[in-house]
Amino acid sequence: VTGGTNLRQLVLCEAAQMLKQSGQYNDKPFGEIVQYLSDLLESGVVLAKFRDMVEAQGGDLSVVDNPEAYPTAPFQIDIQAPQDGYVSDMDALQLGQASVTLGAGRQVAGEDVDALAGLWLHKVVGEPVQEGDVVVTLYTSKASGMVLLEEIKAQVEQAIAYSTEAPTVPASVSYVATSAEGVQDFIMPSMLL
């Protein structure tokens, strides 16, 4: 399974929320459902089902079996840490807007989406960095390529803050809301931390 711990936690919690909302798991505590889903993910069952879905839709299974084979955008640029320390903040709205401008999303309905465009976060809030470490890579296939990347680079650099002290990083998921139980505090199962 690729992706950072935060991504994994968010996906498992979202999947658990959907199972809770289905009504079939109302008798199970939320944390147990998250653990169950984590076990399924580790067992390979989820990947096999995803593979079946890609195949049924005529997708390229070679990319599922070897994600490194997925092509990359023809234009890319790295954003490096300007100092030693820690990533202390990332403005998600600014990063999202940058990603849309690169072509990874739509500004208006019907606009094409560039499947190769976007941001790769090499570091996230709370992680240590040394001056020159790559923090984010920007990708686009737009014809304006490097000119666009240079413009967006400045926006993304402004969206990332650094500090010399390790920041306090909040939990990925702090609360869970269900129709049956309302809003409850949530503590991530220790094996997922």
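See above for the structure.
Since we're looking at a predicted model, the values are computed, not measured.

Reading the values: rules and limits
Residues numbered from 1 in each chain as written. Predicted model: local features only at pLDDT ≥ 70, side-chain atom pairs only at ≥ 80, totals over all residues. Heavy atoms only, no water. Helix = DSSP H or I, 4+ residues; strand = E, 2+ residues; numbered from the N terminus. Buried < 20%, exposed > 50% of the residue type's maximum accessible area, 1.4 Å probe, protein only. Pairing = 2+ DSSP bridges. Axes fitted to C-alpha atoms, helices over the stretch in contact; angles between N-to-C directions. Left-handed = near helix turned anticlockwise from the far one by under 90°. Contact = heavy atoms within 4.5 Å.

Visitor: Honestly, the environment of A171 in this entry has me stumped. Any pointers?
Guide: Among the structural elements, A171 can be located in the loop between β6 (160–163) and β7 (175–178). A relative accessible area of 52% means that A171 is categorised as exposed. A171 sits 118 residues away from M53 along the chain, and the two C-alpha atoms are 32 Å apart.

Visitor: Explain the pairing of strand β8 (residues 182–185) to me, please; I cannot follow it from the model alone.
Guide: Within a regular beta strand, the side chains point alternately toward one face of the sheet and then the other, so they alternate between its two faces. In this structure, β7 lies alongside β8, joined through four bridges in antiparallel fashion. Following the sheet pairing, V176 is matched in β8 by Q184. Counted between consecutive antiparallel strands, the loop separating β7 from β8 contains three residues.

Visitor: Sorry, what's going on with the sheet that holds strand β4 (residues 128–129) here?
Guide: The strands that make up a sheet are held in pairs by hydrogen bonds between backbone atoms, and each pair lies either parallel or antiparallel. Taken together, the three strands give an open sheet; going across it, the order is β4-β2-β6, and neighbouring strands pair in antiparallel fashion. The open sheet is flanked by β4 and β6, the only strands paired with a single partner. Both strand β2 (residues 85–90) and β6 contribute to a ladder of four bridges, which runs antiparallel. When the sheet's bridge partners are listed, Y86 is paired in β6 with S163.

Visitor: Could you clarify how one ought to interpret the packing of helix α1 (residues 5–22) against helix α2 (residues 30–43) in this entry?
Guide: Axis angle and axis distance: for two packed helices, these are the angle between their axes and the distance between the axes, and together they describe the pair. It is at 9 Å that the axes of α1 and α2 come closest, and there the two elements cross at 115°. In the packing of α1 onto α2, the handedness of the crossing is right-handed. Across the interface between the two elements, R8, L12, C13, A15, A16, Q17, L19 and K20 of α1 pack against F30, I33, V34, L37, S38, L41 and E42 of α2.

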